[in-house]
Amino acid sequence: MNLAEIIDTVEDTTENEFTFEQHVDFITQTEKAIYQAIKFPAMAKTQTTNTSTNNSKYLTNTDYLYTKSFVVAVAGVNYTLIQKDHSFIEEAYPASTDAGDASRPRYYSTLTVDSDGKTEIIFGPAPSGSFSTVHTYATYPDSITKDATAKNDTKTSWLGNNFDNALLNGALVEAARFMKAEQDIVAMYKEMYITSLKLAQELQSNLNNDSYRPQSAPMAGVQ
């Protein structure tokens, strides 16, 4: 479904009209809730760069949510860094700007977000040279409302193309709550939303498993 189709269906189902801005709120809140509940492959993104000698700090892109993996290449060999608490790195490598005899980072820890909206990651130990890195992290895919300006915009998105039922039913829940609809109406929309989320989770589990591996556990928070 595209944006205009979702908006039309929400208004037809609820028999109520909303402003474009209200629809954007309903949809974007639903998108984030879905992405927080199910870790879709579409959420993965990579950031490649080189380390600087004796510089233990690394800045992520502004769309960073959390790290999936961090790989450092040294002499053609890829090493996966292990995530540790910041206190561990401070204690194990107190001279954060001096790599000493260490040739490459072995650990990483996420720190605070700076004024530009970038998350600071610190290496332990600091790199003793310029090494290429591949940082795979999670982010929210583009919203179906991105760059849209009116209800009749036919914007599409990955979520709208692949799991439109979850997006639509979630938007209906948000719209019903906004309207202060009767509890039985809200409950009906919520049940439809949860069902569509579980179907999306099942498909995601099938993508992540084969006949030799067990299915993943049920989605947390969905009952």
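Residues numbered from 1 in each chain as written. Predicted model: local features only at pLDDT ≥ 70, side-chain atom pairs only at ≥ 80, totals over all residues. Heavy atoms only, no water.

A.B. asks: Just checking my understanding: could you explain the pairing of strand β7 (residues 119-124) for this structure?
C.D. replies: The two faces of a sheet get side chains in turn, since along a regular strand they alternate between them. The buried fraction of β7 is high, at six of six residues. Residue alternation in β7 divides its side chains into two sets, Thr119, Ile121 and Phe123 and Glu120, Ile122 and Gly124, and both sets are buried. Two strands pair when backbone bridges link them, and strand β2 (residues 57-59) and β7 are joined in this way by three bridges, in the antiparallel orientation. Counterpart to leucine 59 in the pairing with β7 is glutamate 120. With five bridges joining them, strand β6 (residues 107-113) and β7 adopt antiparallel strand pairing. (Buried < 20%, exposed > 50% of the residue type's maximum accessible area, 1.4 Å probe, protein only. Helix = DSSP H or I, 4+ residues; strand = E, 2+ residues; numbered from the N terminus. Pairing = 2+ DSSP bridges.)

A.B. asks: What should I look at first to understand the sheet that holds strand β1 (residues 44-50) in this one?
C.D. replies: Strands belonging to one sheet form pairs held by backbone hydrogen bonds; the direction of such a pair is parallel or antiparallel. Ordered by their spatial adjacency, four strands build an open sheet running β1-β8-β3-β4, and the pairing between neighbours is antiparallel. Single-partner strands in this sheet number two, and they are β1 and β4 (77-80). Strand-to-strand twist across the sheet, computed as the mean angle between neighbouring axes with direction ignored, equals 20°. Sheet topology places strand β3 (residues 66-74) next to β4; four bridges connect them, and they run antiparallel. Looking across to β4, one finds that valine 74 is bridged to valine 77. (Axes fitted to C-alpha atoms, helices over the stretch in contact; angles between N-to-C directions.)

A.B. asks: I'm lost on the side chain of asparagine 2 in this one. Help?
C.D. replies: Following the sequence through the fold, asparagine 2 ends up in the segment before α1 (3-14). A polar contact of 3.1 Å, which involves the side chain of asparagine 2, links it to the backbone nitrogen of alanine 4. (Polar contact = N/O pair within 3.5 Å; in protein donor to acceptor, adjacent residues only side chain to side chain.)

A.B. asks: Looking at this structure, how should I read the sheet that holds strand β5 (residues 82-83)?
C.D. replies: Here we have four strands laid out as an open sheet, ordered β2-β7-β6-β5, and mixed in their pairing. In this open sheet, the two strands that pair with only one neighbour each are β2 and β5.

A.B. asks: Is there a simple way to explain the packing of helix α2 (residues 20-37) against helix α5 (residues 164-179) in this structure?
C.D. replies: The packing of two helices is summarised by the inter-axis angle and the distance between the axes. Remark: α2 packs on α5, axes separated minimally by 8 Å, with the N-to-C direction vectors making an angle of 125°. As judged from the angle between their axes, α2 and α5 are oblique. Crossing geometry of α2 relative to α5 is assigned as right-handed. Contacts between α2 and α5 involve Gln22, Phe26, Ile27, Gln29, Thr30, Glu31 and Ile34 from the first element and Ala166, Leu167, Gly170, Ala171, Glu174, Ala175 and Phe178 from the second. (Parallel < 35°, antiparallel > 145°, perpendicular 65-115°, else oblique. Left-handed = near helix turned anticlockwise from the far one by under 90°. Contact = heavy atoms within 4.5 Å.)

A.B. asks: Would you take a moment to explain the nonpolar core for this structure?
C.D. replies: A general trend in soluble globular proteins is that nonpolar side chains are found buried together. Within the largest apolar cluster, 31 residues are counted, with the highest numbers of intra-cluster contacts made by Leu3, Ile6, Val10, Ile27, Ile34, Phe40 and Leu159. Elements supplying a minimum of two residues to this core: α1, α2, α5 and α6 (183-208). No other element matches the eight residues that α5 contributes to this core. What isoleucine 34 contacts, discounting residues up to four positions off in sequence, is Phe40, Leu159, Ala166, Leu167, Tyr193 and Leu197. (Core = buried A, V, L, I, M, F, W, Y, C linked by side-chain atoms within 4.5 Å.)

A.B. asks: How should I be thinking about the packing of α1 against α2 in this particular structure?
C.D. replies: Look at α1 against α2: their axes get within 11 Å of each other, and the N-to-C directions meet at 100°. Between α1 and α2, the crossing angle belongs to the class labelled roughly perpendicular. Of the residues in α2, those touching α1 at Leu3, Ile6, Ile7, Val10 and Glu11 are Phe20, His23 and Ile27. Of the residues contributing to the contact of α1 with α2, the split by class is six nonpolar, one polar and one charged. (Nonpolar A, V, L, I, M, F, W, Y, C, P; charged D, E, K, R; others polar.)

A.B. asks: Quick question: what am I supposed to make of the pattern of salt bridges here?
C.D. replies: Opposite charge on two side chains permits them to pair, given that their charged atoms come into close proximity. Summed over the entire model, instances satisfying the criterion amount to four salt bridges. Between glutamate 11 and lysine 151 there is a salt bridge, and its shortest N-O distance comes to 2.7 Å. Of this pair, glutamate 11 sits in helix α1 while lysine 151 sits in the loop between β8 (132-138) and α4 (158-162); the two residues are 140 residues apart in sequence, bridging distant segments of the chain. The partly exposed category is assigned to lysine 151, whose relative accessible area is 26%. Aspartate 63 serves as the salt-bridge partner of lysine 45, at 2.8 Å between the closest nitrogen and oxygen. Residue lysine 45 is located in strand β1, and its partner aspartate 63 is located in the loop between β2 and β3; the two are separated by 18 residues in the primary sequence. With relative accessibility at 38%, the residue lysine 45 sits in the partly exposed group. (Salt bridge = Lys/Arg side-chain N within 4 Å of Asp/Glu carboxyl O.)

A.B. asks: What should I look at first to understand the packing of aromatic side chains in this one?
C.D. replies: Given two aromatic rings, their pairing is described by the distance between the two centres and the angle made by the two planes. Inspection of every chain in the model, using the stated rule, returns 15 aromatic pairs. Where tyrosine 35 meets phenylalanine 40, the ring centres are 6.2 Å apart and the plane angle is 90°; that geometry is what we call edge-to-face. Taking the centre distance of 5.1 Å and the plane angle of 80° together, the rings of phenylalanine 88 and tyrosine 107 count as edge-to-face. One end of the pair, phenylalanine 88, is in helix α3 (residues 86-92); the other, tyrosine 107, is in strand β6, with 19 residues separating them in the sequence. Taken together, Tyr35, Phe40, Tyr140, Trp158 and Phe163 form an aromatic cluster joined through their ring pairs. The aromatic ring of phenylalanine 88 is capped on one face by lysine 84, whose charged end is 4.8 Å from the ring centroid. Cation over ring: arginine 104 sits above tyrosine 79, and NZ or CZ is 3.7 Å from the ring centre. (Phe/Tyr/Trp six-rings, centres within 6.5 Å; stacked < 30°, edge-to-face > 60°. Lys NZ or Arg CZ within 6 Å of the ring centre and 35° of its normal.)

On their own, these measurements won't tell you what the molecule is for.
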